[in-house]
Structure formats: C-alpha cells, structure tokens
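# Breakdown of the fold
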Amino acid sequence: TQLLEQSPQFLSIQEGENLTVYCNSSSVFSSLQWYRQEPGEGPVLLVTVVTGGEVKKLKRLTFQFGDARKDSSLHITAAQTGDTGLYLCAALNTDKLIFGTGTRLQVFP
Amino acid sequence: DAMVIQNPRYQVTQFGKPVTLSCSQTLNHNVMYWYQQKSSQAPKLLFHYYDKDFNNEADTPDNFQSRRPNTSFCFLDIRSPGLGDAAMYLCATSRFRGGEQFFGPGTRLTVL
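In what follows, the accompanying structure is described. As the structure is a prediction and not an experimental result, all values here were calculated from the model.

Inspection of the entire model under this criterion finds ten aromatic pairs over all chains. Consider the rings of Phe99(A) and Phe103(B), whose centres lie 6.1 Å apart with planes at 65°: the pair is edge-to-face. Of this pair, Phe99(A) sits in strand β10 (residues 96–99) while Phe103(B) is found in strand β10 (residues 102–103), placing the two residues in two different chains. Take Phe99(A): its relative accessible area is 9%, and that puts it in the buried class. On the numbers, 5.4 Å between centres and 40° between planes, the contact of Tyr35(B) with Phe103(B) is tilted. With Tyr35(B) in strand β4 (residues 31–37) and Phe103(B) in strand β10, this pair connects stretches of sequence that are 68 residues apart. The same class applies to Tyr35(B) as to Phe103(B), namely buried. An aromatic cluster is defined as three or more aromatic residues linked by ring pairs; in this entry it consists of Tyr35(A), Phe99(A), Tyr33(B), Tyr35(B) and Phe103(B).

Here we take up the pattern of salt bridges. Any two side chains of opposite charge can pair, so long as their charged atoms come close to each other. All names here are of chain B. Counted according to the given criterion, the structure contains seven salt bridges over all chains. Put simply, Asp53 and Arg97 hold a salt bridge, and the shortest N to O gap is 3.5 Å. Residue Asp53 is found in strand β6 (residues 53–56), and its partner Arg97 is found in the loop between β9 (87–94) and β10; the two are separated by 44 residues along the sequence. Judged by its relative accessible area of 29%, Arg97 is partly exposed.

Quick look at the nonpolar core now. Counting 22 residues, the largest nonpolar core has Leu32(A), Trp34(A), Phe63(A), Leu74(A) and Ile76(A) as the members making the most contacts within it. Residue assignment for this core shows that the elements contributing at least two residues are β3 (19–24), β4 (32–37), β5 (44–49), β7 (61–65), β8 (71–76), β9 (85–93) and β11 (103–108) of chain A. Not counting chain neighbours up to four residues away, the residues in contact with Ile76(A) comprise Glu17(A), Asn18(A), Leu19(A), Arg60(A), Leu61(A), Asp83(A), Tyr87(A) and Leu105(A). Formed by 18 residues, the second largest nonpolar core is a distinct cluster that contains Val19(B), Leu21(B), Phe64(B) and Leu109(B).

Residues and elements named next belong to chain A. With respect to topology, five strands assemble into an open sheet ordered β1-β3-β8-β7-β6, the strand pairing being antiparallel. Edge positions in the sheet fall to β1 (5–7) and β6 (55–58), since each has one partner strand and no second. Each neighbouring strand pair of the sheet contributes to a mean axis angle of 15°, computed without reference to strand direction. Sheet topology places β6 next to β7; four bridges connect them, and they run antiparallel. Within β7, the position partnered with Lys57 by the bridge is Thr62.

Rules of the game
- Residues numbered from 1 in each chain as written.
- Chains lettered and ligands numbered in written order.
- Predicted model: local features only at pLDDT ≥ 70, side-chain atom pairs only at ≥ 80, totals over all residues.
- Heavy atoms only, no water.
- Phe/Tyr/Trp six-rings, centres within 6.5 Å; stacked < 30°, edge-to-face > 60°.
- Helix = DSSP H or I, 4+ residues; strand = E, 2+ residues; numbered from the N terminus.
- Buried < 20%, exposed > 50% of the residue type's maximum accessible area, 1.4 Å probe, protein only.
- Salt bridge = Lys/Arg side-chain N within 4 Å of Asp/Glu carboxyl O.
- Core = buried A, V, L, I, M, F, W, Y, C linked by side-chain atoms within 4.5 Å.
- Contact = heavy atoms within 4.5 Å.
- Pairing = 2+ DSSP bridges.
- Axes fitted to C-alpha atoms, helices over the stretch in contact; angles between N-to-C directions.

Structure below.
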C-alpha cells in the first residue's frame, strides 16, 4: 500500500507566523494534490502539482513538488485565522485518490 | 451553482438499525465516490461508481452497500450500523476517472 506521510500531524500557531507542512512517500507519483478541509465540511482542492520541482503560488500559500516526485511541501506565509483547518495531500493511484495522514492547523488570533 | 449535495448533514441511528445516506450532484459527472472519514483522519475510499459500473474497495465491509439509480444520485446504505461506523461520510464526484474530485459537505453519522 502506498503511503503518504504528512508532518507535522498537528500545528498550533499565532496569526502572522509562517509554517510549512510536508508530505512524503517512498513512491513516485505523476501528480499530487493539496486539499483543505474546514470543520464540518468536505475537502476543497487547493492545487495540483504535476512536474518535478514545480512551484505553485496561491496568494500566501506556496506549494512545491519534489524533484523526484515523491514529496511535496506547503508553505503558508503570515498565517491567518481563516487558514485553520485540516490540510491533506493526495495522490492518484490507478485512478483513485490516496490521501495523506493529514495536518491539523490551528491559527490563533 | 453546480454542486455536490449531501442529505442529511447529521444523522443519528441506533446500533443495528439500517440507515441510508444520500448524495446528489448537478455537475453531471460520470464518477461518484463514497468516503468514510473518522475524527482527525484522512478520508478512506469505500467504493465508487463509474457511470453504472460499481467498484468496491477490497477492505470495505459487506455492511456497506451503495446504489446509483441515475447519474445525479448515489446512496450509501449501512445495513447494520455498529458503534465503529460512526464517522463523517463524504460523497465526491469527478468528470472522469482520475479527474479532479469535488466533495460534498458530508454527513456526520452518530450510532447510539
């Protein structure tokens, strides 16, 4: 079973701080996705990265796909309380999404 | 707005009492998925339909069944819910297999 390990599992920070979430695997993926899930809601797709070494920016969020396409990172600059939620990386395996173990982020005012 | 709708948002049932969760979509997507998500864990795929073709995950218990009467609707039936089946159940759709998945808001199931 291909496993996507995320770290840290939990993160609690204050508004204005920067943070990085990691998603690692021993498998190579053709693409990797990042989702954010707010309490009581379904996951919402943030970005898909496809090319090894690719960097994508979404406002204060920066996503990077590792050169070997086995890992990815999500960096948030100047976190806001609205960034609070569960962050999930996910990869396609034979047309099915395999989700990472998740990182629960809490941003305090 | 095109979307994925799940009803009800909260469902309470008794141990062993059958329950049905509903999902509908206005996206006209070919693929519909059901996931189970327990507290602070990642969603776990139970099964999916590609059009009318049903695909069960190997480790999905027999207690879980699904029906897709038409493109727009998909149901999750839990025949005899146990305490361990209490979870958030997420429905998702995609235009094609391997395509971007759009998730509904989920149904939180409580088993008493």
